[in-house]
Amino acid sequence: MPTPFARLVRAWQQNFSVYTALDPVSAEIRGKHLSSILRLAPFTLGANLANGILICVAFADTSLLLPVLCWLFSLTVIAGLGMRAWWIGRKKQIKTASPHAMRRAVWNSTYLAAIWGLMPALLFPQASASQQVLIASIIPGMMCGGAFILSPIPQAALAYLWVITLPSLFAVLSMQNIWFNVVGGLLLVYAMVVTVWVWNAAKAANARLKSEREAERQSQMVSLLLRDFEEQTADVLWEINMTGQFTHVTHKLAALMNQRPAQLAQTTLQNWFKEHCSDLTPLKQAMRAGKPFRKLLLPIQLDGENQFWSLTARPLFDEGGHCFGWRGVISDVTQEHQAQMRLQDMAQFDVLTGSHNRGYLREQLAAALDSAVTRGTHGALLCLDVDNFKGINDALGHTVGDQVLQALAHRIRQICRDRTVARLGGDEFAIVLHPIEQDRDAMAVAMDLLDGMKEPIVVGEHTVNMGISIGVGLIPEHGENLDELLANADLALMAAKANGRGRAEVFARSLGERNRRKLTLEHELRRALRNNQFTLYWQPKVQTEDWYVCGAEALLRWNHPTLGQIPPSEFIPVAESAGLITDIGNWVMHEACRVAARDLPGLTISINASPAQLLRTDFIAHVDTALSNAKLPPENLEIEITESLFMDASPVALRNLRALHKRGVRVALDDFGTGYSSLAYLRKFPFDTLKIDRAFVCELLSRPDARAIVRTIIDLARTLGMDTVAEGVEEPAQLVVLERAGCHVIQGYLIAKPVPIEEFHALLENWIPGNAPQVSAVPQTEFGQMAAMRSFQSSMDATTIFG
């Protein structure tokens, strides 16, 4: 067990090694200690001389005057040397001090203390009572004052303290008087108390200087990081004081704000934004709150251009907790904002007609249904389509047909004014009427629409007479949810067509034959899995650069013994509503993995997964089991999901997607751009592939806006590090346009229709890599002038796919 003295030595080494260490940090701390003592040198040395003169005056009339004068002379010499040293170095800034300087400070303190300790040892026994009182008063003051001044260097302070204390204690005790013994005891107690105080004061001073040194180092590191950040990133740093004036103006900040650095330093953040931002309210509210804020979007007008800046900032506080300014970064997010706006338009509007799309319609219907339940409002859904529109397309061509649809949509919007008009697909439209006073108001709007279509539509040189049929579903009477309301309005539309077309019908319960068909399908679906009525067809995906098959999509088919071939577009919605889609989807996954591992080694296979599957917590377990049983590598599997999965933003679905990605399973976003596209979920989850919907592909050759949208999707995917696959490619000219746009993986009837695995094998065996189809003429597009290529024909029966 260490002795008390050993513990004391160890404590000294731990706390005061800074006075002997040779590292730069210790040298800086020693320099600051020495500088703090020297700053007070004139006052301390002056106090020493003043006390010495006072002692000399007290002994002026005694026989001790000569020894006192000699003592005062010695004190004056020591003080003079100290003042001389201070005077020489008064303008020098002491940054570092060596251990030798510390030892010299100890010796200097010892010399001065020895002179003061000599005085009571010589004078106190022969002094009168009043003179003894004077000496007894001065000595403790010199002990405490000197130790206090020298406390930053504890060796010097303690040497000074005890060199004065011990002779003084000897002089007092030599009087052999009980009261002088008490005074001696008090003197010893004072010295010990001061010793403890010096120890703690020195330790605290060292800790404070080390903390300040570390804070300075961190500040320098932060400054270095900020400079490096500004050099390496497109973001721009800014800093202002409480008046809003810029205190940190860089060339990047001045260039961003289109001002010279000196000019910008004279202005304020608020004044600059007043000139260039139309709405400062969000910024004012954020700064008034006095809390950090992130990604505050502000519209900026600069040099005649509309820009969007994102501001992130936090308040700056001093040591007293008072805010003295703000520091943050500015990011020019103009391109990202414009891309987001384009995707929002794609999510809400139909490309061809400019009307709203199905996704927006569902949002409005949901709001109407909620209002009907909570506030008792009434509304209606009108579903309409053009009578015999196929005949218009066949007679005049698809281009004229598209123009007819555009004119039709414009006329519907004129008649319905501020009502929601949406294109559901093809020639089918829907109108949401909410709120309405009475149910017959819906039929009144329907009759206005029928009357409005009596006027022919003129498209170029063609005059088209057309009629429409309308189905009306009332809110909330004809549907408790979106799907039921849409289905019933569609049933009413079918009834209007069946009753002679060119008319409007309101849904009635007698129109439930379709529902009976749905119940039949639901019943048969429950038996289909048990009776092995499902099978998989395979459609190839082709890498167009080298023209080889790089993958295949597994597509579900149902051949019922009595009902015949039932398309997925009919039975998949029934399976979803009946809660059977999960079992069917799991069967597809296991079967597809088994067939792929056995018959399609090396190919990446794609499987469609419904939102219901992704919302289950056991989805990943089924994927793992399917891969394990089939011994299929995870990287050979791709799960295709639709955008509707993100309507509810389920955390379970996002966790499942991330788990797939972690396992190496690829994830593709199917039918991108047709439903609920948003950059928000593209940022939440890193998809591997975006599939361009066939609706855009089929219009590539006839519509510039379709080509622009396809190019935007491809550019977006490339920027986000994703692949693109174009589905529904049916013409060689579409292939050429897609390749020029940067999409190099396609699938569609141009290559092959979905076929059983045996026929798919035959296709692979007869495949000739590099033998891509060619086309004789391609319409002029913004993708560039295209050379003539040889013709290629592909006539295959269309089959609706699962997904």
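Quick notes on the rules
Residues numbered from 1 in each chain as written. Predicted model: local features only at pLDDT ≥ 70, side-chain atom pairs only at ≥ 80, totals over all residues. Heavy atoms only, no water. Phe/Tyr/Trp six-rings, centres within 6.5 Å; stacked < 30°, edge-to-face > 60°. Helix = DSSP H or I, 4+ residues; strand = E, 2+ residues; numbered from the N terminus. Buried < 20%, exposed > 50% of the residue type's maximum accessible area, 1.4 Å probe, protein only. 1 Å grid on protein atoms, 1.4 Å probe; cavity = no way out; pocket = protein on both sides within 12 Å on 5 of 7 lines; lining within 4 Å. Points joined across faces, edges and corners; volume = space filled by probe spheres on them. Nonpolar A, V, L, I, M, F, W, Y, C, P; charged D, E, K, R; others polar. Pairing = 2+ DSSP bridges. Core = buried A, V, L, I, M, F, W, Y, C linked by side-chain atoms within 4.5 Å. Contact = heavy atoms within 4.5 Å. Polar contact = N/O pair within 3.5 Å; in protein donor to acceptor, adjacent residues only side chain to side chain. Axes fitted to C-alpha atoms, helices over the stretch in contact; angles between N-to-C directions. Parallel < 35°, antiparallel > 145°, perpendicular 65-115°, else oblique. Left-handed = near helix turned anticlockwise from the far one by under 90°.

**A short note on the packing of aromatic side chains**
Moving on, step 1. Evaluation of the coordinates by the stated rule reveals 12 aromatic pairs.
Moving on, step 2. With a centroid separation of 6.1 Å and 35° between ring planes, the pair formed by Trp107 and Tyr111 is classed as tilted. Pair noted here: Trp107 and Tyr111 are both in helix 5 (residues 99-123), with a separation of 4 residues, about one helical turn.
Moving on, step 3. Under the relative-accessibility criterion, Tyr111 is labelled partly exposed at 44%.
Moving on, step 4. Cluster of aromatic residues (ring-pair linked, three or more members): Phe534, Trp558, Phe571 and Trp587.

**A word on the layout of surface pockets**
Using a probe with the size of a water molecule, rolled over the atoms, empty space left in the structure can be pinpointed.
Moving on, step 1. Taken as a whole, the second largest pocket spans an internal volume of roughly 1,100 Å³.
Moving on, step 2. If you go around the second largest pocket, you meet 37 residues; those closest to its centre are Ile37, Leu38, Ala41, Gly82 and Asn108.
Moving on, step 3. Listing elements by their share of the lining of the second largest pocket, those giving two or more residues are helix 2 (24-39), helix 3 (41-58), helix 4 (65-89), helix 5 and helix 6 (129-150).
Moving on, step 4. A per-class count over the lining of the second largest pocket returns 21 nonpolar, 12 polar and 4 charged.

**Some words on the pairing of strand 17 (residues 666-672)**
Moving on, step 1. Taken across its 7 residues, strand 17 has 6 buried, putting it largely inside the fold.
Moving on, step 2. Both strand 17 and strand 18 (residues 689-692) contribute to a ladder of 3 bridges, which runs parallel. Within strand 18, the residue paired with Leu669 across the bridge is Leu690.

**Overview of the nonpolar core**
As a rule of thumb, soluble globular proteins bury nonpolar side chains together.
Moving on, step 1. One finds Trp538 and Leu637 to be the most contacted residues of the largest nonpolar core, which totals 87 residues.
Moving on, step 2. Element by element, the count of residues in this core is highest for helix 21 (residues 581-599), at 8 residues.
Moving on, step 3. In this view, Leu637 contacts Cys593, Ile605, Ile607, Val623, Leu627, Leu632, Val665 and Arg666; residues no more than four positions away in its chain are not counted.
Moving on, step 4. The next biggest cluster of nonpolar side chains, apart from the first, holds 51 residues, and it includes Val68, Val106, Ala113 and Ala157.

**So, the side chain of Thr334**
Moving on, step 1. Mapping Thr334 onto the fold places it in helix 13 (residues 334-348).
Moving on, step 2. Overall, the relative accessible area of 12% leaves Thr334 in the buried class.
Moving on, step 3. Within the structure, Thr334 has its side chain in polar contact with the backbone nitrogen of Phe308 (distance 3.0 Å).
Moving on, step 4. Apart from residues lying up to four places away in sequence, Thr334 is in contact with Asn306, Gln307 and Phe308.

**A few points about the packing of helix 16 (residues 398-416) against helix 17 (residues 440-452)**
Think of two packed helices as two axes; the pair is described by the angle between the axes and how far apart they sit.
Moving on, step 1. In contact at an axis separation of 10 Å, helix 16 and helix 17 are set at 140° when each is read in the N-to-C sense. It follows from the interaxial angle that helix 16 and helix 17 lie oblique. For the element pair helix 16 and helix 17, the recorded crossing hand is right-handed. Counting all contacts with helix 16, which are made through Arg411, Ile412, Ile415 and Cys416, the residues of helix 17 involved are Val445, Asp448, Leu449 and Gly452.
Moving on, step 2. Class assignment for the residues of the contact of helix 16 with helix 17 results in 5 nonpolar, 1 polar and 2 charged.

**Here's the deal with the sheet that holds strand 5 (residues 379-386)**
Pairing between sheet strands relies on hydrogen bonds along the backbone, with the strands arranged either parallel or antiparallel.
Moving on, step 1. Read across the open sheet, the 5 strands follow the order 6-7-5-10-11; overall the sheet is mixed. The sheet terminates laterally at strand 6 (420-425) and strand 11 (504-506), the two strands that pair on one side only. Here the average twist between neighbouring strands, direction ignored, is 20°.
Moving on, step 2. In this sheet, strand 10 (residues 468-475) lies alongside strand 5 in antiparallel orientation, the contact comprising 8 bridges. Residue pairing across strands places Gly379 opposite Ile475, the latter belonging to strand 10.
Moving on, step 3. The sheet strands contacting helix 18 (residues 482-498) are strand 5, strand 7 (428-433), strand 10 and strand 11, and the helix crosses strand 10 at an angle near 145°.

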